[in-house]
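Overview (structure and organization)
Listed here are the chains, written in short residue letters.
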Amino acid sequence: MNAVLIEVQCTLGNDAQQWSGIRSIALEIGYPGLKGQTLWKNIGWLRERTAPATSTSAHSMWDRAMPEHILVFDFHPFLLPGHAEPEKSYCIRRIITHEDGRRKVSRPITVREGKYSDAFFSCTPTYPEP
C-alpha cells in the first residue's frame, strides 16, 4: 500500500498584513501510528508547483521572504483492525515565531478527513487505494 501524502502550502503572500510582527510560521503534521500514538513531522519533501515531490527535504517553516514553497509529508498508512482503508484523520499545529523571538504554539487541530485550510495554511491529503 502506498503512503498517505499530505501536501502543505502557506496561504499568505509575501505582502500579506498577517506577516506584521511575525518572523516565521512553522507547521507540524501528525498522523496516527501504532498503539494510539500520533507521529509528528516537521520536515517534508519540497515540491515545485509544476512537478511532483522531489528528493529534497526541508523544514516546514515559512517566512515573508519565501512563503511559496510547498511541502509533502509522507506517512505509512495506519489501518484500523478489520478495515481495508487507511485512517484518514490527521493533526496540525502551528508554531508562530514573533520578531522578538517569542514563540506561540497552537493547540493541535484534528482534521477528520480531507482538505484543511485556515488563514495561514492549506493542507491537502492523498490517501492510498485499499
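Residue numbers run consecutively from 1 along every chain, following the written order of its sequence. In keeping with the model being predicted, local features are shown solely for residues with a pLDDT of at least 70 and side-chain atom pairs are shown and tallied solely at 80 or more, while totals for entire chains, interfaces and linings include all residues. The basis for the side-chain values is all heavy atoms of the structure; hydrogens and waters are excluded.

On to unusual backbone geometry. Even without being glycine, lysine 35 reaches a positive phi, approximately 55°. Under the DSSP-based scheme used, a helix requires at least four consecutive residues in state H or I and a strand at least two consecutive residues in state E, with every element numbered from the N terminus. For lysine 35, the position within the fold is in the loop between β2 (22-32) and β3 (38-41). Burial status follows relative accessibility: with a 1.4 Å probe on protein chains alone, a residue under 20% of its type maximum counts as buried, one over 50% as exposed, and anything between as partly exposed. With relative accessibility at 85%, the residue lysine 35 sits in the exposed group.

Let us now look at the side chain of serine 106. Mapped onto the elements of the fold, serine 106 is located in the loop between β9 (103-105) and β10 (109-111). Every residue in contact with serine 106, bar those within four places of it in the chain, is listed here: Arg93 and Arg94. Contact between two residues is taken to exist if any of their heavy atoms lie within 4.5 Å; hydrogens are not considered.

So, on to the pattern of salt bridges. By convention in these notes, a salt bridge is any Lys or Arg side-chain nitrogen within 4 Å of a carboxyl oxygen on Asp or Glu. Counting across every chain of the model gives six salt bridges. Across the pair aspartate 74 and lysine 41 runs a salt bridge whose closest N-O atoms are separated by 3.2 Å. One end of the pair, aspartate 74, is in strand β7 (residues 70-75); the other, lysine 41, is in strand β3, and 33 residues separate them in sequence. Assessed through its relative accessible area of 29%, aspartate 74 is described here as partly exposed. We classify lysine 41 as partly exposed; its relative accessible area is 27%.

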